[in-house]
Amino acid sequence: MTEALVVIERHTLLRWRRAVMAAFGLGGITVAAWGPRLPAVKVELGIGTATIGLLLAGMTVGAVAGLAVSTPVLHRLGGRVGVTASLLVVAVAMAVMGVAIALRSVPLVSVAFLFVGLGIGTLDVLINVEGSSIERASGRTLMPLMHGAWSIGAAVGSGIGAACAALGITPSVQFIGEAVIVGAVAVAMAPAI
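Residues numbered from 1 in each chain as written. Predicted model: local features only at pLDDT ≥ 70, side-chain atom pairs only at ≥ 80, totals over all residues. Heavy atoms only, no water.

(A) Representation of the overall build of the protein within the structure. A tally of regular secondary structure across the protein gives 6 helices and 0 strands. Along its sequence from the N terminus, the protein presents helices and strands in the succession α-α-α-α-α-α. Rg of the C-alpha trace for the protein: 18 Å, near the compact-globule value of 16 Å for 193 residues, within the 12% margin. Projected onto its principal axes, the C-alpha positions of the protein cover 65 × 35 × 25 Å. Taken over 193 residues, the protein has a buried fraction of 42%. (Helix = DSSP H or I, 4+ residues; strand = E, 2+ residues; numbered from the N terminus. Rg over C-alpha atoms; globule rule 2.2 N^0.38 Å. Buried < 20%, exposed > 50% of the residue type's maximum accessible area, 1.4 Å probe, protein only.)

What follows is the structure, encoded as structure tokens:
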């Protein structure tokens, strides 16, 4: 009977670890996939490099705000709901970004960048808290592996952006498609956190 409980606990811990590593990977993808598309975004919106810089600054402001709200989010919603909600904020903001670019609305794009940053900043703290909890539960050092998942996600995200650019897929279509995938993966992995 005790062996069965240990197997179930290990299985649950493994599912939890995989889900949190997936969240790390999604975080990396979402911060890197739009980078290669900035030249196309600049052209579609008819803006200059300075405006792109301001949009990126807005994302940074959002990320700092996300860091600030992450503790209340964690205490109010818990890890599972907090991580999922953070990813859904990013997904919705990416979809809004795609629509805003299609509409050529710089103000709406700036709001989307702000909320992508907010979601990423919040997610960053929450997945690190989850990763630390997984380390304690497993008695092993796993954070380097989890941060590696973020880096792999960033490489994949850059590749997605470059591939979409090479295939002539517009940034709007790419961002909306990514939003759907990020949202679906976030909801699917939530029960394991």
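(B) Spatial organisation of the nonpolar core. In this structure, Val-20, Phe-24, Val-83, Leu-87, Phe-113 and Ile-127 are the most contacted members of the largest nonpolar core, which totals 45 residues. Elements represented by at least two residues in this core include exactly helix 1 (2-32), helix 2 (38-45), helix 3 (49-103), helix 4 (106-138), helix 5 (143-167) and helix 6 (171-189). Among the elements that line this core, the one with the most residues is helix 3, at 12 residues. Not counting the four nearest positions on each side in its chain, Val-20 is found in contact with Ile-127, Glu-130, Gly-131, Ile-134, Met-146 and Ile-193. (Core = buried A, V, L, I, M, F, W, Y, C linked by side-chain atoms within 4.5 Å. Contact = heavy atoms within 4.5 Å.)

(C) Seen up close, a nonpolar patch on the surface. A grouping of Val-61, Val-89, Val-92, Val-96, Val-99, Leu-103, Leu-108, Val-111, Leu-114, Phe-115, Ile-176 and Val-180 is seen on the molecular surface, where their side chains present a nonpolar patch of about 940 Å² in accessible area. Considering every element that reaches the nonpolar patch, the biggest residue donor is helix 3, with 6 residues. Within the secondary structure, Leu-114 is located in helix 4. On the basis of relative accessibility, which here comes to 33%, the residue Leu-114 falls in the partly exposed class. (Patch = residues over 30% accessible without salt bridge, like charges linked within 9 Å, V, L, I, M, F, W, Y side chains within 5 Å. Areas by Shrake-Rupley, 256 points an atom, 1.4 Å probe, with all protein chains shown as cover. Salt bridge = Lys/Arg side-chain N within 4 Å of Asp/Glu carboxyl O.)

(D) Molecular detail of the environment of Leu-45. Mapped onto the fold, Leu-45 is located in helix 2. Note on Leu-45: relative accessible area 10%, which makes it buried. Expressed as a C-alpha distance, the spacing of Leu-45 and Ile-101, which sit 56 residues apart in the sequence, is 6.5 Å. Not counting chain neighbours up to four residues away, the residues in contact with Leu-45 comprise Ala-100, Ile-101, Arg-104, Ser-105, Val-106 and Val-109.

Everything listed here is a matter of geometry and, on its own, says nothing about what the molecule does.
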